[in-house]
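An overview of the molecular structure
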Amino acid sequence: MPRFAANLSMMFTQHGFLDRFRAAADAGFRGVEYLFPYAEAAADIRAALDDAGLTQALFNCPPGDWEAGERGMAAVPGREAEFRDSIGKALEYAAVIGPERLHIMAGLTEGPEAEAAYVDNLKWAAAQAPDRTFLIEPINSRDMPGYFLSTSTQALRILEAVGAPNLMLQFDLYHAQIMEGDLTRRTEALMPHIGHIQIAGVPDRHEPDMGELNYPALFASLDGLGYEGWIGCEYRPAGRTEDGLGWFEPYRTA
């Protein structure tokens, strides 16, 4: 059976951030993810996880100036020093919070120099913490125009160029459906490289039972493939989070 992690950057937002952990646990989730932890003390997040009995599945490394529109720097030439500092900060938080995965964002850039910088930066990051799994994620060009990494084909090329066993693919089925489709066969082919999966309804990024994708069939396929990782619920609820969890009832833990 799939293991679902509530994305606390998008779900249960009627609560303050640290109160969302308990709300997620009360709704039946046993794992959580979110974009960034850095506005809070790592010890406070660890306490919220422990109090709610939750596992930290994932968070992102610092992306640069998010409010100014930056979306990572790993593929941005000339920002290597800042990138290395960002990995250091992520690892400091990870040492306390204990996520199973860390996502490294590429940034808004393009071209062969960007790819070379990306490969070099990812090699460096992977070597800093060989016992921790880092992820890269293709993001669709409609939601994030100009993002360097947008397809799984491109991601596989990067993974092969880096050649680090602790660098894997964060495969968001919402982004992949928009950019590539053929999700069942694509997931089968990519499974050896997948370290984390995320979901949302397509095209509006609401609950997974809203839109064009047959998620129960996709979840069954993942079970058949032996996927044992987390599935992050990175969707924007159409209303109050708790009112849209009918899709989750068959998977809810007691």
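Up top is the structure.
These figures come from a predicted structure and were not determined experimentally.

1. A word on the packing of helix α3 (residues 80-97) against helix α4 (residues 112-128)
Where α3 meets α4, the axes come as close as 11 Å, and the angle between the chain directions of the two elements is 30°. It follows that α3 is roughly parallel to α4 by the angle criterion. Crossing of α3 over α4 shows right-handed handedness. Contacts between α3 and α4 pair Glu80, Phe83, Arg84, Ile87 and Leu91 from the former with Ala117, Asn121, Trp124, Ala125 and Gln128 from the latter. Looking at the contact of α3 with α4, its residues break down into six nonpolar, two polar and two charged.

2. What to know about the sheet that holds strand β5 (residues 133-136)
Around the barrel, eight strands lie side by side as β1-β2-β3-β4-β5-β6-β7-β8; this closed barrel has parallel pairing. When strand polarity is set aside, the average angle formed by the axes of neighbouring strands in this sheet is 30°. Summarising the sheet, strand β6 (residues 167-172) and strand β7 (residues 194-199) pair through four bridges and their orientation is parallel. Each bridged residue has a counterpart across the sheet, and for Asp172 the counterpart in β7 is Gln198. Contacts from helix α7 (residues 183-190) reach β6 and β7, with the element oriented near 170° to β6.

3. Section: empty space enclosed by the protein
Rolled over the atoms, a probe sized like a water molecule indicates the empty space that remains. Within this structure, the stated rule accounts for three cavities of 30 Å³ or more. In this model, the largest cavity occupies a volume close to 40 Å³. What lines the largest cavity is simply Pro138, Ser150, Thr151, Ser152, Phe171, Asp172, His175, Ala176, Met179 and Glu180. Broken down by secondary-structure element, the contributors of at least two residues to the lining of the largest cavity are β6 and α6 (173-179). The residue inventory of the lining of the largest cavity, partitioned by class, reads four nonpolar, four polar and two charged.

4. Looking at the pattern of salt bridges
Under the criterion given, the structure shown has 11 salt bridges. The salt bridge involving Asp143 is made with Arg205; its shortest N-O contact spans 3.9 Å. Taken as a pair, Asp143 in the loop between β5 and α5 (152-162) and Arg205 in the loop between β7 and α8 (215-224) lie far apart in primary sequence, 62 residues in all. Assessed through its relative accessible area of 37%, Asp143 is described here as partly exposed. Residues participating in the shared-partner salt-bridge network are Glu70, Arg79 and Glu82.

5. Examining the packing of α4 against α5
Relative to each other, α4 and α5 sit at 55°, their axes nearing to 9 Å. Overall, the two elements α4 and α5 adopt an arrangement that is oblique. Here α4 runs over α5; the crossing is right-handed. Facing Glu115, Tyr118, Val119, Leu122 and Lys123 of α4, the residues of α5 in contact are Arg157, Ile158, Ala161 and Val162. Taken together, the residues of the contact of α4 with α5 sort by class into six nonpolar, no polar and three charged.

6. Here we look at the pairing of β7
Summarising burial for β7: six of the six residues are buried, a large majority. In this sheet, strand β8 (residues 230-233) lies alongside β7 in parallel orientation, the contact comprising three bridges. In the sheet register, Gln198 faces β8, and the bridge partner there is Gly232. In this fold, the crossover linking β7 to β8 by way of α8 has right-handed handedness.

7. A closer look at the side chain of His175
Among the secondary structure elements, His175 is positioned in helix α6. Among all residues touching His175, those that are not within four sequence positions of it are Glu137, Pro138, Ile139, Asn140, Asp143 and Arg205.

Procedures and definitions
Residues numbered from 1 in each chain as written. Predicted model: local features only at pLDDT ≥ 70, side-chain atom pairs only at ≥ 80, totals over all residues. Heavy atoms only, no water. Axes fitted to C-alpha atoms, helices over the stretch in contact; angles between N-to-C directions. Helix = DSSP H or I, 4+ residues; strand = E, 2+ residues; numbered from the N terminus. Parallel < 35°, antiparallel > 145°, perpendicular 65-115°, else oblique. Left-handed = near helix turned anticlockwise from the far one by under 90°. Contact = heavy atoms within 4.5 Å. Nonpolar A, V, L, I, M, F, W, Y, C, P; charged D, E, K, R; others polar. Pairing = 2+ DSSP bridges. 1 Å grid on protein atoms, 1.4 Å probe; cavity = no way out; pocket = protein on both sides within 12 Å on 5 of 7 lines; lining within 4 Å. Points joined across faces, edges and corners; volume = space filled by probe spheres on them. Salt bridge = Lys/Arg side-chain N within 4 Å of Asp/Glu carboxyl O. Buried < 20%, exposed > 50% of the residue type's maximum accessible area, 1.4 Å probe, protein only. Right-handed = clockwise from strand over helix to strand, strands pointing away.

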